[in-house]
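Examining the three-dimensional arrangement
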Amino acid sequence: MTMHSGRGFAAINYPIGMNLGGDPSQALVHSNPDGKFMVTLSSIDLGQGMKSVTRQIAAEALGIPVEDVYVDTADSDTGPHCMGSFASRGTHRVGNAVIAAATEARGVMLDAAAEELEVNPEDLETDGRGNIHVKGAPSRSITSAEACGAAQFKQGKTVSGRGIFLIPTSDVNPETGEMTPVSCFAHAALVVDIEVDDETGEVLVKDMQSAYEVGRALNPKLVEQQLIGGAWMGMSHALYETTEPHYPERDNGPVDFNEYLMPGPGNVVPHHISVLERPAPDAPFGGKGPGEMCANPVLPAMANAVYNAVGVRVDELPITPEKILRGIKANGGARPQGRPGQH
Amino acid sequence: MSKVPVQLTLNGSDRSVFVDPGQNLLDVLRRSLGDLTPKYGCGQGTCGCCTVMIDGETRLSCLTLAESVDGCSVETVAGIGEGAQLHELQTAFMEHFAAQCGFCTTGMLMSAKHLLDNNPSPTRDDVVEAISGNICRCTGYEPIINAILDVAARRGSGRHTS
């Protein structure tokens with residue numbers, strides 16, 4: 001038995017959103033008389049932090065403290081339509097819709113404040129701490145709560161806004177197949193170090209080093225948690241998980257957690273992540289969001305690492321010990337590929 | 001079939017309930033006693049989402065016959081904090097972003113609490129062993145392990161300074 005070390009690398013571009021007859025999301029924003037704002041969506045937070053990020057985005061666009069914003073989502077009875085939480089589109093599409101709705105609501109709030117202060121609404125600004133004041137004259141001030149209260153109890157205005165963000169469908173050019181399915185791309189590069197046992201075919205993942213470019217990281221801790229968890233799932237996808245071990249046949253497929261192979265807490269791999277921020281011009285405050293890209297670079301990097309370690313090119317996922325051993329046998333033994341500069 | 005009376009202590013409160021013969025504890029906790037913190041994941045004892053403590057030991061409530069806890073003390077996440085005051089494990093899970101979808105979290109917390117109740121200064125391997133029966137599909141486990149180790153470290157340093 002020999003353990004062969006291998007290193008694999010992959011770099012990917014990953015699209016934000018998709019092209020299926022148009023890609024819209026909507027948001028509604030309204031204030032209560034106490035100056036607290038409600039953002040109403042039907043977008044689903046699967047755990048990555050959609051509610052936190054839309055709350056931050058709304059607070060920033062309204063110019064009020066994040067504590068004064070509530071997000072009510074995941075119910076299509078009460079929230080406007082959202083295409084869904086998939087295709088890495090949540091932060092980008094929903095965030096843009098929230099900005100549109102919050103901007104409209106902010107306009108009404110400033111109109112109401114202007115009427116109370118007897119000034120022009122264009123002369124007003126918010127301080128992000130719950131105050132609206134005349135530019136250059138902070139003493140001419142009213143709280144956002146007072147402005148929203150006056151709008152609803154004196155002036156007869158609803159402090160509300162509607163927002164939709166739509167990427168229209170992109171027709172496919174029948175000659176070339178060309179289309180523009182997405183609005184922007186996120187990027188990632190990942191290096192994985194492994195050891196492959198040439199007797200059992202087992203892969204031991206030693207270390208992962210990655211760089212993810214996600215636009216602006218609107219909530220850095222949420223970005224980090226999503227990258228850690230997503231890359232771990234990518235490792236699992238690369239080496240363990242499948243519902244069709246003899247794809248496309250369903251034979252011998254797992255039917256429960258007893259048979260579905262996946263790594264546990266003992267298989268955690270050290271993962272060193274660098275987050276690169278290049279704010280995207282069409283994204284909400286530049287944030288594209290990590291999305292599915294968290295997991296994706298791990299798979300090709302792992303396949304390359306296995307090839308580097310034992311010279312077996314596995315082109316079907318997951319890269320199981322059985323496939324590696326069959327490859328080693330077909331090659332007449334392990335063929336470590338070494339690394340440039342290595343002898 | 002006639003119902004069976006069961007008396008238990010749930011998070012310190014005496015509760016009486018009639019259960020069906022063969023009914024599992026998870027079902028009774030959620031449907032009859034209104035404690036929705038233990039989750040129904042797989043129903044066959046492999047995911048750990050339904051983990052509770054019975055007389056101080058972690059048990060999978062989906063595999064526990066409700067009749068068998070007559071006279072027992074059952075603890076769930078609903079009872080680990082003090083009123084509105086979160087348990088330090090809950091706080092650490094928040095600080096370490098150890099939950100994403102949250103479905104595994106209540107089971108994880110019970111396994112973690114059991115560990116720390118019995119082993120105040122666990123190693124990383126002890127933590128891994130303690131949560132190895134709880135499946136998490138979002139976090140990659142690392143933040144959960146770190147949160148539990150953090151609570152142990154804070155308790156340890158608290159003892160040293162006091």
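None of these values were measured; they are calculated from a predicted model.

1. Things to note about the overall build of chain B
Within chain B, the secondary structure is distributed over five helices and five strands. Helices and strands appear in chain B in the N-to-C order β-β-α-β-β-β-α-α-α-α. For a compact globule of 162 residues, the expected C-alpha radius of gyration is about 15 Å, and chain B comes in at 16 Å, within 12% of that figure. If you line up chain B on its principal axes, its C-alpha atoms span 55 × 35 × 25 Å. Considering chain B as a whole, with its 162 residues, one finds that 45% of them fall into the buried category. Of the contacts formed within chain B by residues at least 6 apart in sequence, a portion of 57% connects residues at least 24 apart. Accessible surface computed for chain B: about 7700 Å², of which carbon and sulfur atoms make up 49%. Seen as two clouds, the 12 positive and the 18 negative side-chain charges of chain B have centres 5 Å apart.

2. Comments concerning the overall build of chain A
Within chain A one finds six helices and 11 strands. Against the compact-globule benchmark of 20 Å for 343 residues, chain A has a radius of gyration of 26 Å, which places it well outside the compact range. Taken over the C-alpha atoms alone, chain A extends approximately 85 × 45 × 40 Å along its principal axes. Per-residue burial over chain A gives 48% buried out of 343 residues. Counting contacts in chain A only where the partners sit at least 6 residues apart, residues at least 24 apart contribute 74% of the total. Accessible area of chain A: about 16300 Å², with a carbon and sulfur share of 51%. The distance from the centre of the 25 positive side-chain charges to the centre of the 43 negative ones in chain A is 4 Å.

3. Quick notes on the interface of chain A and chain B
Taken together, the 24 residues of chain A in the interface contact 23 residues of chain B. Taken together, both faces of the contact between chain A and chain B bury some 1700 Å²; the carbon and sulfur share is 65%. Together, Gln225(A), Phe257(A) and Pro265(A) form the three largest contributors to the area buried by chain A at its contact with chain B, with a combined 33%. The interface formed by chain A and chain B includes one salt bridge.

4. Focus on the domain arrangement of chain A
Residues and elements named next belong to chain A. Along its sequence, chain A is carved into domain 1 (3-15 + 184-330) and domain 2 (23-167). Inter-centroid distance (C-alpha atoms) of domain 1 to domain 2 is 38 Å. Each partner contributes residues to the interface: domain 1 has 19 residues there, and domain 2 has 18 residues. Looking at the side of domain 1 facing domain 2, the largest losses of area belong to Leu218, Pro284 and Phe285, adding up to 38% of the total buried there.

5. Looking at the state of the cysteines
Residue and element names in this part refer to chain B. For the coordinates displayed, the defined rule picks out zero disulfides over all chains. Free of any disulfide, Cys62 has its nearest neighbouring cysteine sulfur in Cys50, separated by 3.8 Å. A relative accessible area of 9% means that Cys62 is categorised as buried.

6. Observations concerning a nonpolar patch on the surface
Residues and elements named next belong to chain A. A cluster of nonpolar residues, Met1, Met3 and Leu204, forms a patch on the protein surface that exposes about 310 Å² of accessible area. Summarising the element assignment, Leu204 is placed in strand E10 (residues 203-213). On the basis of relative accessible area, Leu204 is assigned to the partly exposed category, the value being 43%.

7. A look at the packing of helix H1 (residues 50-62) of chain A against helix H2 (residues 90-117) of chain A
Residues and elements named next belong to chain A. Running from N to C, H1 and H2 cross one another at 35°; their axes reach a closest spacing of 8 Å. Where H1 crosses over H2, the handedness of that crossing is right-handed. Contact with H1, carried on its side by Met50, Val53, Thr54, Ile57, Ala58, Ala61 and Leu62, involves Gly90, Thr91, Val94, Gly95, Val98, Ile99, Ala102, Thr103, Ala105, Arg106 and Met109 of H2 and no other residues of that element. Broken down by class, the residue content of the contact of H1 with H2 amounts to 12 nonpolar, five polar and one charged.

8. Re the sheet that holds strand E4 (residues 57-60) of chain B
All names here are of chain B. As summarised here, the arrangement of the five strands in space is E2-E1-E5-E3-E4, forming an open sheet in which the pairing is mixed. Bordering the open sheet on either side are strand E2 (13-19) and E4, each of which pairs with just one other strand. Sheet twist, expressed as the average angle between the axes of neighbouring strands with direction ignored, equals 40°. Where helix H3 (residues 105-118) meets the sheet, its contacts fall on strand E3 (51-54), E4 and strand E5 (73-75), and the angle it forms with E3 comes to roughly 40°.

9. Topic: the layout of surface pockets
Residue and element names in this part refer to chain A. Each pocket or cavity is described by its volume, and for the largest pocket that value is around 680 Å³. What lines the largest pocket is a set of 35 residues, among which Leu46, Gln48, Gln226, Gly291 and Glu292 lie closest to the centre. Mapped by element, the contributors of at least two residues to the lining of the largest pocket are H1, H2 and helix H4 (220-239). With six residues, the top contributor of residues to the lining of the largest pocket is H4. Of the residues assigned to the lining of the largest pocket, the class counts are 15 nonpolar, 15 polar and five charged.

10. Description of unusual backbone geometry
Peptide bonds are trans in most cases, and residues, glycine excluded, mostly fall at negative phi. Residues and elements named next belong to chain A. With an omega of 5°, the peptide bond between Tyr247 and Pro248 qualifies as cis. With an omega of -10°, the peptide bond running from Leu317 to Pro318 counts as cis. A positive phi is found at Ala74, a non-glycine position, where the angle reads about 75°. Residue classification places Ala74 among the partly exposed residues on the basis of a relative accessible area of 44%. In this structure, Ala87 takes a positive phi of about 55° despite not being glycine. Assignment of secondary structure puts Ala87 in the loop between strand E4 (69-72) and H2.

11. Structural notes on the packing of H2(A) against helix H3 (residues 144-155) of chain A
Residues and elements named next belong to chain A. The geometry of H2 relative to H3 is characterised by a closest axis approach of 8 Å and an angle of 85° between their N-to-C directions. For the element pair H2 / H3, the angle class is roughly perpendicular. On H3, the residues touching Met109, Ala112, Ala113, Glu115 and Glu116 of H2 are Ser144, Ala147, Cys148, Ala150, Ala151, Lys154 and Gln155. Residues belonging to the contact of H2 with H3 are distributed by class as follows: seven nonpolar, two polar and three charged.

The rules we used
- Think of each chain on its own: its residues are numbered from 1, step by step along the sequence as written.
- Starting at A for chains and at 1 for ligands, labels are handed out in the order in which the entities are written.
- Under the rules for a predicted model, residues below a pLDDT of 70 receive no local features and side-chain atom pairs below 80 are neither given nor counted, while totals for whole chains, interfaces and linings still include all residues.
- For side-chain calculations, the full set of non-hydrogen atoms in the structure is used, while hydrogens and water are omitted.
- Secondary structure counts use DSSP, requiring at least four H or I residues in a row for a helix and at least two E residues in a row for a strand, with both numbered from the N terminus.
- For this measure, only C-alpha atoms enter the radius of gyration; the expected value for a globule follows 2.2 Å times N^0.38, where N is the number of residues.
- Only protein chains enter the accessibility calculation, which uses a 1.4 Å probe; a residue is then buried when its area is under 20% of its type maximum, exposed when over 50%, and partly exposed in between.
- Contacts were defined at the residue level, with two residues in contact if any of their heavy atoms lie within 4.5 Å.
- For accessible areas, the Shrake-Rupley method is used with a probe of radius 1.4 Å. Any residue's cover is judged against the shown protein chains and nothing else.
- Residues counted as positive are Lys and Arg, residues counted as negative are Asp and Glu, and His and the chain ends are not counted.
- Charge coordinates come from a single atom per side chain, which is NZ of Lys, CZ of Arg, CG of Asp or CD of Glu.
- Buried surface area refers to the total accessible area, computed with a probe of radius 1.4 Å, that the two partners give up upon joining, counted for both partners together.
- Criterion for a salt bridge: a side-chain nitrogen of Lys or Arg within 4 Å of a carboxyl oxygen of Asp or Glu.
- The start and end points of each domain follow an automatic or database-based domain assignment.
- Cysteine sulfur atoms that come within 2.5 Å of each other are treated as a disulfide pair.
- Patch criteria: residues need more than 30% relative accessible area and no salt bridge. Like-charged residues are merged within 9 Å; nonpolar side chains of Val, Leu, Ile, Met, Phe, Trp and Tyr are merged within 5 Å.
- Under this scheme, a helix contributes an axis fitted over its contacting stretch, all axes are lines through C-alpha atoms, and angles between N-to-C directions fall in the 0 to 180 degree range.
- Take the far helix as the reference: if the near one is turned anticlockwise from it by less than a right angle, the crossing is left-handed, and if turned clockwise, right-handed.
- Residues are grouped as follows: nonpolar covers Ala, Val, Leu, Ile, Met, Phe, Trp, Tyr, Cys and Pro; charged covers Asp, Glu, Lys and Arg; every other residue, Gly included, is treated as polar.
- At least two DSSP bridges between two strands are required for those strands to pair.
- Put simply, the grid is 1 Å and covers the protein atoms alone, a cavity is a trapped set of points that fit a 1.4 Å probe, a pocket is an open set with protein on both sides within 12 Å along at least five of seven lines, and lining residues have an atom within 4 Å of a point.
- Grid points are joined across faces, edges and corners, and a volume is the space filled by probe spheres set on the points.
- Angular relationships are summarised with four words: roughly parallel below 35 degrees, roughly antiparallel beyond 145, roughly perpendicular across 65 to 115, and oblique for the angles in between.

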